[in-house]
Amino acid sequence: MSFSVTRVRHRNQKRTAIFGHTWTHIDRRVIGVKSSVMLDLRLIREDMEKVEKALARRNGGFSIRSLAEVDEKFRKTLAEWEGLRARSNQISGEFKTGKVAQEDKEKLKAESIELKANLANSDKEKTELAAKLDELLLAIPNLPDPSVPDGHDETGNVEQKRWGEIPKIANPKEHWELGTALRCFDFERGVKLSESRFTVLLENGAKMERALMNFMLDFHSARGYREVFPPILVNRTCMQGTGQLPKFEGDFYKCADDELYLVPTSEVSVTNLYRDDVLEEADLPIYHTAYSPNFRREAGSAGKDTRGYIRQHQFNKVELVKFCLPERSEEEHEKLTLDAEAILEALQLPYRRMLLCAGDMGFSAKKCFDLEVWFPGQDKYREISSCSNFGDFQARRTNLRYRPADGGKPRYMHTLNGSGLAIGRTLAAILENFQQPDGSVLIPKVLSPYLHGLEVLEPKR
RNA sequence: GGAGAGGUGGCUGAGUGGUCGAAAGCGGCUUCCUGCUAAGAAGUUGUACGGUCAAAAGCUGUACCGAGGGUUCGAAUCCCUCCCUCUCCGCCA
């Protein structure tokens, strides 16, 4: 299987074959975004009411009205500018023929110079409006799918299923207590090395973390996801493409000297793999799985989960990413969610699936399931995976298209992703769910092979 | 970090001021021809946004030769800045 990529390829660049595809390595570092992308401007023009209604279901006011105004002004200015250009080109054409009398030449020159001044004004206005339009468009979140329930926060989420039996544990301990006694975590030294919400994994924790990572990657690979390990530092274009920027600048770590960001999730790098490419319909769907460390500043989370290993600035995660035909994304979303659930089931961790309400969904998502794992020590379900369908939202921002089999014009594909799973939280959940009265923790059977057959973590005497 | 080279259409690759959206070849598509080892012939072939049209086709305007700016009546072509890629050296896992 291979596809040809219809994008520009630079000289001296070699095509690289990967997974049977070929792709081009291009980074145009497009900072400005064409106004035709983001939410479909056409949709906004044609059915503003529908868009407004859909957006109103999200938290925060997103007025389309100002956008429509700017759009109208922009198009008017564009038409003006194009008219001036047309005349200017016409004048150049006259010169080309060489049949212009000397005095007419002078006249034309004079007109052209005058035109140039007008053009400069018009151009400035056009550029400003385009920038304004992009700014507004980039700040608009995806429209919630009609099947997404109303609601403002997590209380509006709808439980869709439960799996597994909640273990009966007398006086359950929390994972940090267990993990500290089992020599999994050293929270103090993490703080010493960087700051709060950074943790050192000690031998058992380090080995468990690594075992989980390998187990999950193998598991997904066996189910048709192809493994990739992309860069952990990505440029701004990537972050904008998946929807992290420009709205949430404060949530991420950034290298001051390089305009590079530490990925908050490998969703960013993996989704951007095919940015600016035109794939063939036959290449879809594409499934990838990737491990990466993730870095989040957790701005706005002050006081939340300050103890333990649940909310860290740096954490490991195995991610699932899909690219598919628009008409298949709903089905692929369900399958992807089942793949994430399969990990929890293999590990024998009780969980439930929540359908997020419109107000609780992330910026780029059109529909999202959260998987929540049971934490006996906390006596509640906690998020461990988030499986989202983005529709064509990210595809527009990343210019990610495919050519239909019938040879028609390239169309935007759909992207999806989900955690499969957040490794730190999985470790914490294992500690809490498989804790024994003596403080030891049984290791899930599927994980033992990744730990040289180890079956139980025992506290040091 | 030092030195050099380079960025043009699906690909290769011409193009140093108007006749260039851009030669030629390859590839793709369409048609024709031939039966013989798969070749030949002809034509066609980028993207985006607008206008015209009931709509499509067609016609038409504008932009796009890495990005941005400048010179000029006019820029792929000249000048400046930046980005990226490649090669060699240094350093390094």
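These numbers were taken from a predicted model, which means no experiment stands behind them.

Here we look at the overall build of chain A
- Along the backbone of chain A there are 12 helices and 20 strands.
- Taking all 461 residues of chain A together, the buried fraction comes to 51%.
- Considering only contacts in chain A between residues 6 or more positions apart, those separated by 24 or more positions represent 72%.
- Of the accessible surface of chain A, which amounts to about 22,600 Å², a share of 49% is contributed by carbon and sulfur atoms.

Remarks on the side chain of serine 385
- Tracing the backbone through its elements, the reader meets serine 385 in strand S15 (residues 380-389).
- Looking at serine 385, its side chain comes within polar contact range of the main-chain oxygen of serine 419, at 2.7 Å.
- Ignoring sequence-local partners within four residues, the contact set of serine 385 consists of Ala340, Phe369, Asp370, Leu371, Ser419 and Leu421.

Considerations on the pairing of strand S14 (residues 367-375)
- Of all nine residues in S14, nine are buried, a share of seventy percent or more.
- Residues Lys367, Phe369, Leu371, Val373 and Phe375 line one face of S14 and the alternating positions Cys368, Asp370, Glu372 and Trp374 line the opposite face, and both faces are buried.
- The pairing of strand S13 (residues 351-355) with S14 spans five bridges and is classified as antiparallel. Paired with tyrosine 351 across the strands is valine 373, a residue of S14.
- In this sheet, S15 lies alongside S14 in antiparallel orientation, the contact comprising nine bridges. Each bridged residue has a counterpart across the sheet, and for cysteine 368 the counterpart in S15 is serine 388.
- Linking S14 back to S15 in an antiparallel pair, the connection comprises four residues, with aspartate 379 at a positive phi of about 55°.

Here we look at the pattern of salt bridges
- Scanning the model with the defined rule gives 27 salt bridges in all.
- With a shortest N-O distance of 3.9 Å, glutamate 128 and lysine 124 are connected by a salt bridge. A residue pair is termed a helical-turn pair when its members lie 3 or 4 positions apart in one helix, as glutamate 128 and lysine 124 do in helix H4 (residues 102-138) at four residues.
- In this structure, arginine 162 engages glutamate 159 in a salt bridge whose closest nitrogen and oxygen atoms are separated by 2.5 Å.
- Put simply, Glu159, Arg162, Arg352 and Glu372 are held in one network by salt bridges that share partners.

Details of helix H10 (residues 329-346)
- With 18 residues, H10 ought to run about 26 Å at 1.5 Å a step, and its terminal C-alpha atoms sit 25 Å apart, in line with that.
- Every buried residue belonging to H10 is among Ser329, Glu332, His333, Leu336, Thr337, Asp339, Ala340, Glu341, Ala342, Ile343 and Leu344, and all of these are buried.
- Just downstream of H10, glutamine 348 is the residue with a positive phi angle, here 60°.

Section: the confidence of the model for chain A
- Here chain A averages 87 in pLDDT, while 90% of its residues score no lower than 70.
- Taken together, the stretch residues 1-37 has pLDDT below 50 and engages in 82 contacts with residues farther than four places along the chain or on a different chain.

Brief notes about the packing of helix H7 (residues 203-222) against H10
- Two numbers describe how H7 lies on H10: the axes approach to 11 Å, and their chain directions differ by 130°. Compared by their axis directions, H7 and H10 come out oblique. Crossing of H7 against H10: the hand is right-handed. Where H7 abuts H10, its residues Phe215, Met216, Phe219 and His220 lie against Asp339, Ala342, Ile343 and Ala346.
- Its residues assigned to classes, the contact of H7 with H10 comprises six nonpolar, one polar and one charged.

A word on unusual backbone geometry
- Going from leucine 245 to proline 246, the amide bond is cis rather than trans, its omega being 5°.
- Relative to the helices and strands, proline 246 is located in the loop between helix H8 (236-242) and strand S8 (254-255).
- A cis amide bond, omega 5°, links glycine 420 with the succeeding residue leucine 421.
- Secondary-structure assignment places leucine 421 in strand S18 (residues 414-422).
- Here the phi dihedral of glutamate 298 falls at roughly 55°; this positive angle occurs in a residue that is not glycine.
- Of note, glutamate 298 is situated in the loop between strand S11 (286-295) and strand S12 (314-324).
- Backbone geometry places histidine 452, a non-glycine residue, at a positive phi of 55°.
- You can see histidine 452 is positioned in the loop between strand S19 (441-442) and strand S20 (456-457).

What to know about the sheet that holds strand S16 (residues 401-403)
- Overall, mixed pairing links the three strands, which are arranged S10-S16-S17 in an open sheet. Each edge of the open sheet is held by one strand with a lone partner, namely strand S10 (278-280) and strand S17 (411-412).
- Judged from the three bridges that link them, S10 and S16 form a sheet pairing that is parallel. Within S16, the position partnered with glutamate 280 by the bridge is arginine 403.

Let's talk about the side chain of arginine 236
- Looking at the element boundaries, arginine 236 is found in helix H8.
- If we skip the residues at most four places from it in the chain, arginine 236 touches Leu245, Pro246, Glu249, Glu259 and Tyr261.

Criteria and cut-off values
Residues numbered from 1 in each chain as written. Chains lettered and ligands numbered in written order. Predicted model: local features only at pLDDT ≥ 70, side-chain atom pairs only at ≥ 80, totals over all residues. Heavy atoms only, no water. Helix = DSSP H or I, 4+ residues; strand = E, 2+ residues; numbered from the N terminus. Buried < 20%, exposed > 50% of the residue type's maximum accessible area, 1.4 Å probe, protein only. Contact = heavy atoms within 4.5 Å. Areas by Shrake-Rupley, 256 points an atom, 1.4 Å probe, with all protein chains shown as cover. Polar contact = N/O pair within 3.5 Å; in protein donor to acceptor, adjacent residues only side chain to side chain. Pairing = 2+ DSSP bridges. Salt bridge = Lys/Arg side-chain N within 4 Å of Asp/Glu carboxyl O. Expected span 1.5 Å × (residues − 1). pLDDT = per-residue confidence, 0-100. Axes fitted to C-alpha atoms, helices over the stretch in contact; angles between N-to-C directions. Parallel < 35°, antiparallel > 145°, perpendicular 65-115°, else oblique. Left-handed = near helix turned anticlockwise from the far one by under 90°. Nonpolar A, V, L, I, M, F, W, Y, C, P; charged D, E, K, R; others polar.

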